Amino acid sequence: MLKAALNHAFDEGHVGNRDAWGRKLKPFRDVEVARVHHLDVKQAQRLVHAADEDFRLLVRAALETGCRYGELVRLEVADFNPDAGTVTIRKSKSGKARHVVLTPEGADFFRQHCAGRARGALMFCRGNGAPWRTSEQSRPMAAACIRARITPAVSFHALRHTWASLATMAGVPLLVVARNLGHVDTRMVEKHYGHLTQSFITEAIRAGAPRYGGKVSKRVVPLR
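Here's a quick rundown of the structure. (Residues numbered from 1 in each chain as written. Predicted model: local features only at pLDDT ≥ 70, side-chain atom pairs only at ≥ 80, totals over all residues. Heavy atoms only, no water.)

Some remarks on the pairing of strand β3 (residues 98-101)
Moving on, step 1. Burial along β3 is one-sided: Arg98 and Val100 are buried, while His99 and Val101, pointing the other way, are not.
Moving on, step 2. For strand β2 (residues 86-89) and β3, the ladder comprises four bridges, and the chain directions are antiparallel. Bridge pairing in β3 links Val87 to Val100. (Buried < 20%, exposed > 50% of the residue type's maximum accessible area, 1.4 Å probe, protein only. Helix = DSSP H or I, 4+ residues; strand = E, 2+ residues; numbered from the N terminus. Pairing = 2+ DSSP bridges.)

So this is what it looks like as structure tokens:
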């Protein structure tokens with residue numbers, strides 16, 4: 001974050017060069033090791049049921065899409081395509097639009113939530129009809145974690161990690177996970193979730209690696 005701020009200062013012409021933090025600074029050892037907190041399926045189900053009624057819809061949407069809080073609260077009803085089973089994020093963190101592919105269960109959730117509503121209406125609102133504002137997810141998320149007995153409590157962003165982690169562990173290719181999350185390549189996904197593919201790799205090798213037949217002879221005695 002600090003480096004981004006310094007780069008912005010350079011781009012705006014407030015400093016003459018960025019050598020001091022660009023080429024000369026090196027990262028501390030092991031600072032790139034990612035620590036990702038995610039829920040398992042049962043914890044996610046408990047969280048959905050424990051959340052307040054209006055906030056529950058946001059929690060479920062995050063778990064079905066892996067979208068960020070800011071992306072979800074900007075969605076309009078028209079951004080859900082029931083025929084394609086997708087949700088369109090018109091403005092993401094990168095500034096680019098993307099189409100988030102839903103599972104059949106996820107598509108059913110959005111279809112039911114959007115049924116009969118004006119296409120230009122905000123998809124998710126507070127109980128009083130007001131839009132969700134910046135950081136207004138923190139308190140209801142903390143309360144839902146307490147009621148769902150999730151310790152330590154997780155942030156709303158952990159729901160994005162939950163979608164990605166569970167998808168990765170289920171064998172969804174990292175490139176597909178990256179595209180649905182809005183990353184241009186797999187680098188960030190590999191950094192955060194690459195270690196979760198190990199069980200999938202093990203199962204794939206044991207299921208599909210070559211086998212050469214034959215039985216081990218009991219008469220073969222190893223040389224000593």
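Comments concerning the nonpolar core
Moving on, step 1. Counting 39 residues, the largest nonpolar core has Leu47, Leu58, Val59, Phe110, Phe124, Phe156 and Leu159 as its most contacted members.
Moving on, step 2. When residues of this core are traced back to their parent elements, those giving at least two are α2 (41-50), α3 (53-65), α4 (69-73), β2, α5 (104-114), α6 (138-147) and α7 (157-169).
Moving on, step 3. A per-element tally of this core places α3 first, with six residues.
Moving on, step 4. Beyond its immediate stretch of four places on either side in the chain, Phe124 contacts Leu57, Leu58, Ala61, Leu72, Leu75, Phe109, Phe110, His113 and Trp132. (Core = buried A, V, L, I, M, F, W, Y, C linked by side-chain atoms within 4.5 Å. Contact = heavy atoms within 4.5 Å.)

Some thoughts on the environment of Leu2
Moving on, step 1. Tracing the chain through its elements places Leu2 in helix α1 (residues 2-11).
Moving on, step 2. Measuring from C-alpha to C-alpha, the distance between Leu2 and Val15 comes to 15 Å, with 13 residues separating the pair along the chain.

A few points about the packing of aromatic side chains
Moving on, step 1. Applying the stated rule across the entire model yields six aromatic pairs.
Moving on, step 2. Look at Phe55 and Trp132: their rings are 5.8 Å apart centre to centre, the planes differ by 55°, and that puts the pair in the tilted class. With Phe55 in helix α3 and Trp132 in the loop between α5 and α6, this residue pair connects regions lying 77 residues apart in the sequence.
Moving on, step 3. What makes Trp132 buried here is its relative accessible area of 5%.
Moving on, step 4. In textbook terms, an aromatic cluster arises when at least three aromatic residues are bridged by ring pairs, as seen for Phe55, Tyr69, Trp132 and Phe156. (Phe/Tyr/Trp six-rings, centres within 6.5 Å; stacked < 30°, edge-to-face > 60°.)

A closer look at α2
Moving on, step 1. Buried residues of α2: Ala44, Leu47, Val48 and Ala50, and no others.
Moving on, step 2. Those residues of α2 hidden inside the fold are in contact with α3, α6 and α7.
Moving on, step 3. The backbone nitrogen of Lys42 lies 3.2 Å from a side-chain oxygen of the residue at the head of α2, namely Asp40. (Polar contact = N/O pair within 3.5 Å; in protein donor to acceptor, adjacent residues only side chain to side chain.)

With respect to the pattern of salt bridges
Moving on, step 1. For the coordinates displayed, the defined rule picks out ten salt bridges.
Moving on, step 2. Across the salt bridge formed by Glu71 and Arg98, the nearest N and O atoms sit 3.0 Å from each other. Of the two residues, Glu71 sits in helix α4 while Arg98 sits in strand β3, which places them 27 residues apart along the sequence. Each member of the pair, Glu71 as well as Arg98, carries the same accessibility label: buried.
Moving on, step 3. For Asp185, the salt bridge identified is with Arg187, shortest N-O distance 3.1 Å.
Moving on, step 4. Taking relative accessible area as the criterion, Arg187 reaches 61% and is therefore assigned exposed.
Moving on, step 5. Taken together, the shared-partner salt bridges connect Arg68, Glu71 and Arg98 into one network. (Salt bridge = Lys/Arg side-chain N within 4 Å of Asp/Glu carboxyl O.)

As for the sheet that holds β3
Moving on, step 1. Sheet architecture is open: three strands sit in the order β1-β2-β3, paired in antiparallel fashion. Both edges of this open sheet fall to β1 (80-81) and β3, since each of them pairs with a single strand only.

Observations concerning the side chain of Asp54
Moving on, step 1. Inspection of the secondary structure puts Asp54 in helix α3.
Moving on, step 2. Buried and unpaired, Asp54 has no salt bridge, with Arg126 as the nearest side chain of opposite charge at 4.6 Å.
Moving on, step 3. A polar contact is formed between the side chain of Asp54 and the backbone nitrogen of Gly127, at a distance of 2.8 Å.
Moving on, step 4. Ignoring any residue separated from it by four or fewer positions in sequence, one finds Asp54 in contact with Cys125, Arg126, Gly127 and Trp132. (Lys, Arg positive; Asp, Glu negative; His and termini not counted.)

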